[in-house]
Amino acid sequence: MYDYFNITSTFADMRIRFCWFCIVFLLVFSSCKVTKFVPEGEYLLDKVEIKTEQQKVKKEDLERYIRQTPNSSVFGIWRMQLRLYSTAGRDTTKWVNRVLMRAGEAPVIYDEAQTYLSEQSLKKAMENKGYMHAEVSSVVTTDKKKTRVSYFIKENTPYRLRDYSVDLQNESLKALAADSVNTLVRRDMLFDVDVLNSERERITTNFREEGYYKFNKELLTYLADSAFRSNQIDLEMRLLDIEQDNSDSIYNAVFNKYYIRNVVFFTSRDVGTISTNFNRERDDFQVETQDKYILVGDKERFLKINTLVENTFIEPHKHYSDAAVQRTYTALNALPPVKYVNINFREVGTDSLDCLITIAPAKYLSLTAEVEATYTEGYWGVATNLGTVHRNVFKGAESLSLQGRLAYEWQGEGVLARELGGQASLLFPNFLMPFTSSDFRHSIRANTEFTANMNFQDRPREFEVKNFGLGMKYGWTQSRYRHTLELLDISYVDFRVEDEFWNSFIETNKFNRYNYEDHLITRIGYIGSFSTFNPNRPLRNHLSMRYSIETAGNLLYAFNNMLNSKKNEDGLYTVIGNIPYSQYARADYNITYHQIVDENNRFVYHFGMGAGTPYGNGTVIPYERRYFAGGANSVRGWAESKLGPGVYQSDGTIRGRDYNQVGDIKLDINAEYRYKMFGILNGALFVDAGNIWTVKPYDTQPGGEFHFNSFYKQIALSYGIGLRLDFSFLVVRLDLGIKLYDPVLPQDDRWRLKLGSNDFALHFAIGYPF
């Protein structure tokens, strides 16, 4: 997410006009008659509810069986899309009416047949949950042109399992089904069809993992015996009866364990020419082998066989595995030069399979060029970004990325600030680590990335700074976890500060001296993330976490201590060129929870905290590794880096920005209600809380130190409204934040009940805040 610009008090009039526009917008919408397009004799479906007598089944699990639901709403009461549709005129030849109708949502007209079908679906759903004698009825209430439908469910006594047994002839299959630890079927549980199907899937999945390629869950069935009027069921799992002359041979094949003989890769730029009959005699095809892996394709290879083998988990001489097939799909599709992958199997004899993997190449090279206008604290600028990516630079799916940036900013009086930068990265799709076996590298499934960057900034009358960096990191995924190990990250910053700037801001202790001196950062770190989001069930509540830890300077400090090196006049160890290096530790944790109401409404909660401290050779954490508060992704009542630390009050700025407004401890607490308005336009209401603090008292940041007995009084509060354009691949966001509690102000003025022009902040950003 990027906070591109913040509009401050200079635009107070625009903020007021924006608020008036919102008020007028709401008034116009509220005055629209939502039944305007409801035909005579018909009714608008206004509300649908489900009421259960015993509340044994969650209403959320039953709502999906309702065939007809009302128009979408905000907060469950305001039907914005319907009201937008209703603002249109009846003359559809006018473009404005057509636009309003397309952007809005037509009224849902009550359909009696859909109510009947919903009753039947609800009854069937209850039966599948074990409530065989459930009674479902509906009551329809009409008021003027609106209708409300209430579904009443009387559960009655459910059926439960009295006994459960397994009658399977195959011993391996029987052992899986009778596993008392992992089985989903338990005595005295409800006779739940969904659970019974899940048990069949569990057994089938595990059985196929042992090599039983032809086995499927349809071969497992249940025999239920219900005692008269007892609401109890004796259940037995058995194999499906196959009434065919060759039933014995079918069962023999089903219970035959299959092994992989060969793995054959077919690669060609024209995949339509690939033969699946092992036709290797074509003049334009070339065959390459490695053990039992065979590569057949164009003479000009687009991928090395080693790369394909390392990303394939279907192994010759081993038994068939669904998990291996899925992991192979995932790994090969993740390779940058691969467009798509198709995996098939061919039987060879009675117990062997040849795996046929078809791989189509994607475009290797891409170029990007961007031109942007910037506006920062009253100064206009222009910038251009150029980039290129080669996704198969060494024919092993290695990605080489090159990016460059050139920017100018006019600062008045003929002063022109410049920025020139570039970065390069080389990503290998495997784990590059010496003294490790190929089996280990194959199992860990990590990628390795090398990075380099440089940046030059010239700000006349202020400073000139050069930044050089080198890095190496590993990344890998395990189930829902993503890991990144930053093995090495070196950054060198070279400053040349103008005398006037130094005397005005550094010598007077307005800004921290360390932030404008040469320094070296050598750090290592770890970043992890976790998510419960399931793309197959996007309307389920889910959470995501991100956590990280990093340290810097420890190895250099240990060497200096061991060698008894001399310190400079500031009491710090230095490296070549008398350059001091930083030493610090920092840790962060963020968690976000999505509470889904329906496909159009959700609540999102976020909690984030971080802390860092300098030690040893460090007196302060480097500026680029410290925290800031305010902005599009923090407490949105403040502009970026305009809040904190603590109750620090800014008294010196450069072009409207105070570089002392950074800290070593950060707290962010956010809650956001997101709702669909119409088309790709979504809305949001939000509240934010947070601040930053320093871990020790600094002369340049009075009032910024963290204290347990007072920090809670220094937590800033804000609220606001937002608009989002959701293009599915990109979210463009506009948030208006309003201060609620400002800890910096005098006690009587902290609660901002009477708003001034400085109590608003408008943020334009890309992506959601959390």
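These numbers come from a predicted model, not from an experiment.

A.B. asks: Tell me about the overall build of the protein, residues and numbers included.
C.D. replies: Each helix and strand in the protein was counted, giving 13 helices and 30 strands. Seen through its C-alpha atoms, the protein measures out along the principal axes to roughly 100 × 80 × 60 Å. Counting every position in the protein, which comprises 770 residues, the buried fraction comes to 44%. Contacts in the protein between residues far apart in sequence, at least 24 positions, make up 63% of those at least 6 positions apart. Put simply, the protein has 91 plus and 95 minus side-chain charges, and the middle of one group is 3 Å from the middle of the other.

A.B. asks: Could you give me a rundown of a negative patch on the surface, with the residues and numbers involved?
C.D. replies: Residues Glu60, Asp61, Glu63, Asp598 and Glu599 make up a contiguous surface patch of negative charge. For the negative patch, the element with the highest residue contribution is helix α2 (residues 59-63), accounting for 3 residues. Relative to the elements of secondary structure, glutamate 63 occurs in helix α2.

A.B. asks: Please provide a residue-by-residue account of helix α10 (residues 322-333), values included.
C.D. replies: The first and last C-alpha atoms of α10 sit 17 Å apart over 12 residues, in line with the 16 Å expected at 1.5 Å per residue. Ala324, Val325, Thr328, Ala331 and Leu332 are the residues of α10 that are buried. Summarising the axial view, the buried residues of α10 lie within an arc of 135°, below the 170-degree limit, and thus occupy one face. Looking at the buried positions of α10, the neighbouring elements they touch are α9 (305-310), β11 (338-348) and β12 (352-361). Capping the start of α10 is the job of one residue whose side-chain oxygen sits 3.3 Å from the backbone nitrogen of alanine 323: serine 321.

A.B. asks: Please set out the sheet that holds strand β8 (residues 259-267) residue by residue, giving values where relevant.
C.D. replies: Taking strand neighbours across the sheet as the criterion, the 5 strands line up as β9-β10-β8-β12-β11 in an open arrangement whose pairing is mixed. Taken across any chain shown, the strands that pair with only one partner, and hence form the sheet edges, are β9 (285-290) and β11. Each strand of the sheet is rotated relative to its neighbour by a mean of 20°, with strand direction disregarded. Pairing between β8 and strand β10 (residues 293-298): 5 bridges, direction parallel. What sits directly across from phenylalanine 265, in β10, is leucine 295. Of the strands in this sheet, β11 and β12 are in contact with α10, which crosses β11 at around 150°.

A.B. asks: Tell me about the packing of aromatic side chains, residues and numbers included.
C.D. replies: Summed over the entire model, instances satisfying the criterion amount to 32 aromatic pairs. Both rings, one in phenylalanine 501 and one in phenylalanine 505, keep their centres 5.0 Å apart while their planes meet at 35°; by these two values the pair is tilted. Residue phenylalanine 501 and its partner phenylalanine 505 are located together in helix α12 (residues 499-506), separated by 4 residues, close to a single helical turn. Through successive ring pairs, a cluster of aromatic residues spans Phe463, Phe495, Phe501, Phe505 and Tyr516.

A.B. asks: Tell me about the confidence of the model for the protein, and name the residues and values.
C.D. replies: The pLDDT averaged across the protein works out to 88; a share of 91% of its residues lies at or above 70. Taking the mean pLDDT of every element in the protein, the minimum, 37, falls on strand β1 (residues 2-7) and the maximum, 97, on strand β21 (residues 542-552).

A.B. asks: A description of the side chain of arginine 674 should follow, citing residues and the corresponding values.
C.D. replies: Assignment of secondary structure puts arginine 674 in strand β26 (residues 665-678). Owing to a relative accessible area of 9%, arginine 674 belongs among the buried residues under this scheme. At a separation of 2.6 Å, a polar atom in the side chain of arginine 674 contacts the side chain of glutamate 672. Among the polar contacts listed, one links the side chain of arginine 674 to the backbone oxygen of phenylalanine 770, at a separation of 3.2 Å. Beyond its immediate stretch of four places on either side in the chain, arginine 674 contacts His594, Asn600, Asn601, Arg602, Val604, Gly683, Ala684, Arg724, Tyr768, Pro769 and Phe770.

A.B. asks: Break down a nonpolar patch on the surface for me, with residues and values.
C.D. replies: Taken together, the side chains of Val371, Val382, Leu406, Tyr408, Trp410, Leu416 and Leu420 define a hydrophobic patch exposed on the protein surface, amounting to about 610 Å² of accessible area. For the nonpolar patch, the elements supplying multiple residues, two or more each, are β15 (399-410) and β16 (416-428). A per-element tally of the nonpolar patch places β15 first, with 3 residues. In this structure, leucine 406 sits in strand β15. Accessibility expressed as a relative area gives 34% for leucine 406, which makes it partly exposed.

A.B. asks: Can you lay out the pairing of β21 for me, pointing to particular residues and giving the numbers?
C.D. replies: Note: strand β20 (residues 519-531) against β21, 9 bridges, orientation antiparallel. Counted as the bridge partner of phenylalanine 530 is methionine 545 from β21. By the bridge criterion, 11 bridges tie β21 to strand β24 (residues 584-598) in an arrangement that is antiparallel. Counterpart to isoleucine 549 in the pairing with β24 is alanine 587.

A.B. asks: Lay out unusual backbone geometry with the relevant residues and their values.
C.D. replies: Following glycine 644, the chain continues into proline 645 via a peptide bond in cis, with omega recorded as 0°. Position of proline 645 among the secondary structure elements: in the loop between β25 (601-614) and β26. One non-glycine residue, serine 728, adopts positive backbone phi at about 70°. Residue placement: serine 728 occurs in the loop between β28 (716-726) and β29 (731-741).

A.B. asks: Describe the pattern of salt bridges, naming the residues involved and giving the relevant values.
C.D. replies: Evaluation of the coordinates by the stated rule reveals 43 salt bridges. Between arginine 301 and glutamate 288 there is a salt bridge, with the nearest N and O atoms lying 3.5 Å from each other. Remark: glutamate 288 occurs in strand β9 and arginine 301 occurs in the loop between β10 and α9; sequence separation between them is 13 residues. Judged by its relative accessible area of 31%, glutamate 288 is partly exposed. We note a salt bridge from aspartate 735 to arginine 733, for which the minimum N-O separation is 2.7 Å.

A.B. asks: Please set out the environment of glutamate 705 residue by residue, giving values where relevant.
C.D. replies: On the secondary structure map, glutamate 705 appears in the loop between β27 (681-693) and β28. Measuring from C-alpha to C-alpha, the distance between glutamate 705 and isoleucine 665 comes to 9.3 Å, with 40 residues separating the pair along the chain. The contact partners of glutamate 705, leaving out residues within four places of it in the chain, are Trp693, Thr694, Val695, Lys696 and Pro697. Within the structure, glutamate 705 has its side chain in polar contact with the side chain of histidine 707 (distance 3.5 Å).

A.B. asks: Go over the sheet that holds strand β5 (residues 160-167), please, and point to the residues and values.
C.D. replies: Hydrogen bonds between backbone atoms are what pair the strands of a sheet, whose relative direction is either parallel or antiparallel. The mixed open sheet is built from 3 strands, whose spatial order is β5-β7-β6. With partners counted over all chains shown, the strands left at the sheet margins are β5 and β6 (220-226), one partner each. Going across the sheet, the axis of each strand differs from the next one's by a mean of 25°, ignoring polarity. Note: β6 against strand β7 (residues 232-239), 7 bridges, orientation antiparallel.

A.B. asks: I'd like a description of the nonpolar core, backed by residues and values.
C.D. replies: With 29 residues, the main nonpolar core has Val263, Phe265, Ile314, Ile343, Phe345, Ile357 and Ile359 as its most contacted residues. Going through the elements one at a time, β8, β10, α9, α10, β11 and β12 are the ones with two or more residues in this core. The next biggest cluster of nonpolar side chains, apart from the first, holds 25 residues, and it includes Leu176, Leu196, Ile203 and Ile233.

A.B. asks: Kindly report on the side chain of histidine 519, identifying the contributing residues and their values.
C.D. replies: Mapped onto the fold, histidine 519 is located in strand β20. Residue histidine 519 is classed as buried on the basis of its relative accessible area, which comes to 2%. In terms of polar contacts, histidine 519 uses its side chain to reach the backbone carbonyl oxygen of glutamate 517, at 2.9 Å. In contact with histidine 519, other than residues within four places in its own chain, are Ser491, Tyr492, Val493, Tyr514, Ile579, Pro580, Ser582, Pro622 and Glu624.

What counts and what doesn't
- Throughout this description, residue numbers start from 1 for each chain and increase along the sequence as written.
- The model is predicted, so local features are restricted to residues of pLDDT at least 70 and side-chain atom pairs to those at 80 or more, both for listing and for counting; the totals for chains, interfaces and linings are taken over all residues.
- Computation of side-chain values: all heavy atoms of the structure, hydrogens and water removed.
- Secondary structure elements are defined from DSSP: runs of H or I of at least 4 residues count as helices, runs of E of at least 2 residues count as strands, and each element is numbered from the N terminus.
- For every residue, the accessible area (1.4 Å probe, protein chains only) is compared with the maximum for its type, and the residue is labelled buried under 20%, exposed over 50%, or partly exposed between those bounds.
- What makes two residues a contact is simply this: any of their non-hydrogen atoms within 4.5 Å.
- Counting rule applied: Lys, Arg positive; Asp, Glu negative; His and chain ends not counted.
- For the purpose of locating charges, the reference atoms are NZ of Lys, CZ of Arg, CG of Asp and CD of Glu.
- Each patch is assembled from residues with relative accessible area greater than 30% and no salt bridge, linking like charges that lie within 9 Å and nonpolar side chains (Val, Leu, Ile, Met, Phe, Trp, Tyr) that lie within 5 Å.
- Here the accessible surface of atoms and residues is derived via Shrake-Rupley with a 1.4 Å probe, and residues count as covered only by protein chains that are part of the display.
- Any Lys or Arg side-chain nitrogen found within 4 Å of a carboxyl oxygen on Asp or Glu counts as a salt bridge.
- Given a helix with a known number of residues, its expected span is that number minus one, times 1.5 Å.
- As used here, the arc is the angular range of directions from the helix axis to the C-beta atoms.
- Polar contact criterion, stated in full: a pair of N or O atoms within 3.5 Å, where within protein one must be able to donate a hydrogen and the other to accept it, and residues adjacent in sequence count only if both atoms are side-chain atoms.
- Whether two strands pair depends on DSSP finding at least two bridges between them.
- Where helices are involved, their axes are fitted lines through C-alpha atoms of the stretch in contact, as for all axes, and angles between N-to-C directions lie from 0 to 180°.
- Aromatic contacts are taken between Phe, Tyr and Trp rings whose centres are within 6.5 Å, Trp giving its six-membered ring; a plane angle under 30 degrees counts as stacked, one over 60 as edge-to-face, and the others as tilted.
- Known as pLDDT, the predictor's per-residue confidence is scaled from 0 to 100.
- Here, nonpolar core means buried Ala, Val, Leu, Ile, Met, Phe, Trp, Tyr and Cys residues that are tied together by side-chain atoms lying within 4.5 Å of each other.

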